Amino acid sequence: MEMPINPIAIPIAAVAALVVGFIWYNPKVFGKAWMEAAGMTEEKIKGGNMAKIFGLALVFALLLAVQLMQMTNHQWGALGMVGGDPTIALPSFETFMGDYGTAYRTFKHGAFHGTMAGIFVALPIIGTNALFERKSAKYIFINAGYWIVTLAVMGAILCGL
């Protein structure tokens, strides 16, 4: 029986978040606009501990990938119904997973759910924080746009691999 987790997809999706970030926040894409909207300067950027920043960003992306896998792969619901241990499930679980264990396991389906997570989870969180921090709509849409695209890519990887 195919299980709803692909342990190889999780680190790949996490690294993809950093790759999308390198592109998204590049000065030729949204980097200059983001720096302006965020109140960042070259001096502030150079003053950071980049190993710590990217290391923690990777850890956070791994956490997101674990959660997003549960959102993109519907078989997690079936696994949850048996307490997470298929060895104690009734024979009907094996039959169900045999019939539906790979249903909706495509890059397209994962990208859809990742996009929805970006719009309905990341955007409201970023938007709320930005409102209280008195950041502009430009700031909200640059950062939320990054997360919508990133979660779409991560979801595609998690569901399609």
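This section reports on the structure supplied with the text.

About the thresholds
Residues numbered from 1 in each chain as written. Predicted model: local features only at pLDDT ≥ 70, side-chain atom pairs only at ≥ 80, totals over all residues. Heavy atoms only, no water. Helix = DSSP H or I, 4+ residues; strand = E, 2+ residues; numbered from the N terminus. Buried < 20%, exposed > 50% of the residue type's maximum accessible area, 1.4 Å probe, protein only. Areas by Shrake-Rupley, 256 points an atom, 1.4 Å probe, with all protein chains shown as cover. Lys, Arg positive; Asp, Glu negative; His and termini not counted. Charge placed at Lys NZ, Arg CZ, Asp CG, Glu CD. Phe/Tyr/Trp six-rings, centres within 6.5 Å; stacked < 30°, edge-to-face > 60°. Lys NZ or Arg CZ within 6 Å of the ring centre and 35° of its normal. Polar contact = N/O pair within 3.5 Å; in protein donor to acceptor, adjacent residues only side chain to side chain. Contact = heavy atoms within 4.5 Å.

**Overview of the overall build of the protein chain**
Right, so step 1: The secondary structure content of the protein chain amounts to eight helices and zero strands.
Right, so step 2: Listing each helix as α and each strand as β along the protein chain from the N terminus yields α-α-α-α-α-α-α-α.
Right, so step 3: If one aligns the C-alpha atoms of the protein chain with their principal axes, the spans along those axes are about 60 × 30 × 25 Å.
Right, so step 4: Taking all 161 residues of the protein chain together, the buried fraction comes to 35%.
Right, so step 5: Counting only carbon and sulfur atoms, one obtains 71% of the accessible surface of the protein chain, whose full area is about 9600 Å².
Right, so step 6: Computed over 10 positive and 8 negative side-chain charges, the separation of the two mean positions in the protein chain equals 16 Å.

**Quick look at the packing of aromatic side chains**
Right, so step 1: The full count for this structure, using the stated rule, is six aromatic pairs.
Right, so step 2: For the pair W24 and F30, a centre-to-centre distance of 4.5 Å together with 40° between the ring planes defines the contact as tilted.
Right, so step 3: Using a relative accessible area of 32% as the deciding quantity, one classes F30 as partly exposed.
Right, so step 4: Relative to W147, the ring of Y146 has its centre 4.7 Å away and its plane inclined at 70°; by these criteria the two rings are edge-to-face.
Right, so step 5: A network of ring pairs unites the aromatic residues Y25, W34, Y146 and W147 as a single cluster.
Right, so step 6: Above the face of the Y139 ring, K135 is positioned so that its terminal group lies 5.4 Å from the ring centre.

**Here's the deal with the side chain of N6**
Right, so step 1: In this fold, N6 is placed in the segment before α1 (9-24).
Right, so step 2: Take N6: its relative accessible area is 17%, and that puts it in the buried class.

**Examining the side chain of T150**
Right, so step 1: Structurally, the position occupied by T150 is in helix α8 (residues 137-160).
Right, so step 2: With a relative accessible area of 1%, T150 lands in the buried category.
Right, so step 3: One polar contact links the side chain of T150 to the main-chain carbonyl oxygen of Y146, over a distance of 2.8 Å.
Right, so step 4: Those residues in contact with T150, other than ones at most four positions away along the chain, are A17 and V20.

**Quick look at the environment of L58**
Right, so step 1: Examined against the element boundaries, L58 turns out to sit in helix α4 (residues 50-72).
Right, so step 2: Judged by relative accessible area, L58 falls into the partly exposed class, the value being 30%.
Right, so step 3: Filtering out sequence-adjacent residues up to four positions away, L58 remains in contact with A14, V15 and L18.

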